[in-house]
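# Summary of the model geometry
So the chains spell out like this:
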Amino acid sequence: MDAFVNWARNQSAVPAEVRTPASAGEVAQAVRDAAKTGRRVRMIGSGHSFTGVALTDGILLRPTALTGVLDAGEGWVKVAAGTPIRTLNEELDRRGLALANMGDITAQTAAGAIQTGTHGSGRHVGGLADQVLELDLVLADGSAATVREGDLFDAARVGLGALGIITAVTFRVEPAFLLHHRRAPMAFSAILDSLDELTAGNDHLDFFWLPHTDTCLVKRNNRTPGPARPPAAVKRWLDNVFLENTLFGAACAVGARLPRTVPRINALSARALGASECVDTSYKVFTSVREVRFLEMEYAVPREHLARALRETRDLMERSGWPVTFPVEVRVTPPSDAWLSTAYGRSSAYVACHIYRPTPNQAYFDGVEEIMRRLGGRPHWGKLHTCDASYLRTVYPRFGDFVALRDTLDPDGVFANDYLDRVLGASRES
């Protein structure tokens, strides 16, 4: 058997069969075969989800043969579903093009990233699903569909793989641009007092709070005509590889062995933070290297509740005494019109909590989750949470419409799995 294990190594599956389709027709054949034999079918991405969203005990499709740019025109590029974001960025840059916004992980596939609602941070531009112009899908009956507007389009952009298997994605793109990147430490209390100014004054705002300290690392990214001033190769390696991965990984390992040292380690990290800036190609600024394995939970709350969410999270951690080495990350996005986007219908702020993989702390996640849910938070579909359909129905206005569409398109649960049964409710026949 060909087992699947995700990047964080907290999710695994042993499917009955694994296929590597090289065309939409081969995907359709797999779906028809699954339906005929009473099995279920899922297509995985790169395994960067922390949930079981991609798992199946039936036919598992690997997208490694569905890659590359398929077509392009004025303001758009069509890519095969399995194209890694890293490859897409490089190909767009070669053509003098770019996505307007993205998250910081580049290993994800194009389809996997949009299906779980991957987002970055932006004042005017939302997540990847908001930059999609068209989707090519294989539906549960094995038929192909191309959608570019209407209910299926708005539902399927963040569709969790529940409405069909994506075989190609057409993204809106624009001429390549430069970002002026500035990073500097800032007091947690000062950030709380200036959230409106920070979010309104920057194209892209991202900040990290170091638990057990009053220090945040604030990253401001703003468009600029240039000229480019990229960091030297040594400086890029020092920041992105050595400090943020090698040295940080060593600090996490020490903290895992000696938990009482974590506050001291974080205090030393806070004192070591310094200001820096550069002007570089957009995707090189947006993206980061992530080599230290972690578990993550992230919630989107209404933007107006961000300060309260952060204060309550800080107070919880101070009361608990949990040793947490990983920073808490905060980002913001404008409203989205994709039905299951975590930003659907509201300006949103994201609070992401991470824990070193060898030292899981469910109590930490449970405590933060209680705060976020009390504030109407929506969990990231690809990150750890305990929500089920009964809660999610209360925070997504189009949740009932999505489930009804799923039941119409896939009444036999060909695309179902345990995770979808929990977050959407079981399909009628699954």
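Residues numbered from 1 in each chain as written. Predicted model: local features only at pLDDT ≥ 70, side-chain atom pairs only at ≥ 80, totals over all residues. Heavy atoms only, no water.

The probe, sized like a water molecule, is rolled over the atoms to show the empty space still left. Taken as a whole and judged by the stated rule, the model has one cavity of 30 Å³ or more. In this structure, the largest cavity encloses a volume near 90 Å³. Gly117, His119, Gly127, Asp130 and Ser341 are the residues nearest the centre of the largest cavity, which is lined by 16 residues in total. (1 Å grid on protein atoms, 1.4 Å probe; cavity = no way out; pocket = protein on both sides within 12 Å on 5 of 7 lines; lining within 4 Å. Points joined across faces, edges and corners; volume = space filled by probe spheres on them.)

As a further point, take unusual backbone geometry. That bond from Gly226 to Pro227 is cis: its omega, 10°, falls within 30 degrees of zero. Structurally, Pro227 can be placed in the loop between strand 15 (215-224) and helix 7 (233-257). With phi around 65°, Arg9 is a residue other than glycine that occupies positive phi space. Structurally, Arg9 is set in the loop between strand 1 (4-5) and strand 2 (12-13). In this structure Arg9 comes out as exposed when scored by relative accessible area, which is 54%. Here Leu160, not a glycine, exhibits a phi torsion of approximately 60°, which is positive. Within the secondary structure layout, Leu160 lies in the loop between helix 4 (151-156) and strand 11 (165-172). For Leu160, a relative accessible area of 2% corresponds to the buried category. (Helix = DSSP H or I, 4+ residues; strand = E, 2+ residues; numbered from the N terminus. Buried < 20%, exposed > 50% of the residue type's maximum accessible area, 1.4 Å probe, protein only.)

All chains considered together, the criterion is met by ten aromatic pairs. Arranged with centres 5.0 Å apart and planes meeting at 55°, the rings of Phe188 and Trp209 form a pair that is tilted. Here Phe188 is found in helix 5 (residues 188-193), whereas its partner Trp209 is found in strand 14 (residues 204-209), with 21 residues between them in sequence. Residues Phe188 and Trp209 agree in their burial class; the two are buried. Their ring planes at 40° and their centres at 5.7 Å tell us that Tyr364 and Phe365 sit as a pair that is tilted. One exposure class covers both Tyr364 and Phe365, and it is buried. Among the aromatic residues, those joined into a ring-pair cluster are Trp7, Phe50, Phe248, Phe294 and Phe326. The ring centre of Phe177 lies 3.6 Å from the NZ or CZ of Arg223, which sits over that ring. Its end group placed over the ring of Tyr391, Arg373 keeps NZ or CZ at 4.1 Å from the ring centre. (Phe/Tyr/Trp six-rings, centres within 6.5 Å; stacked < 30°, edge-to-face > 60°. Lys NZ or Arg CZ within 6 Å of the ring centre and 35° of its normal.)

Let's shift gears to the pairing of strand 18 (residues 328-333). Burial analysis of strand 18 places six of its six residues in the buried class, the great majority of the element. By the alternation rule, side chains of strand 18 split into Val328, Val330 and Val332 and Glu329, Arg331 and Thr333, which are all buried. Of the strand pairs in this sheet, strand 14 and strand 18 are connected by four bridges, and their pairing is antiparallel. If you follow Asp206 over to strand 18, its bridge partner there is Arg331. One ladder, built from five bridges, connects strand 18 with strand 19 (residues 348-356); its direction is antiparallel. Along strand 19, the bridge assignment pairs Glu329 with Ala352. (Pairing = 2+ DSSP bridges.)

The subject of this paragraph is the sheet that holds strand 5 (residues 59-61). Here three strands make up an open sheet; going across it, the order is 3-5-4 and the pairing parallel. For this open sheet the edge positions go to strand 3 (17-19) and strand 4 (41-43), each flanked by a neighbour on one side alone. For this sheet the average axis-to-axis angle between neighbouring strands, irrespective of direction, equals 20°. The pairing of strand 4 with strand 5 spans three bridges and is parallel. Within strand 5, the position partnered with Arg42 by the bridge is Leu60. Running over the sheet, helix 1 (residues 24-36) touches strand 3, strand 4 and strand 5 and is turned about 165° from strand 5. (Axes fitted to C-alpha atoms, helices over the stretch in contact; angles between N-to-C directions. Contact = heavy atoms within 4.5 Å.)

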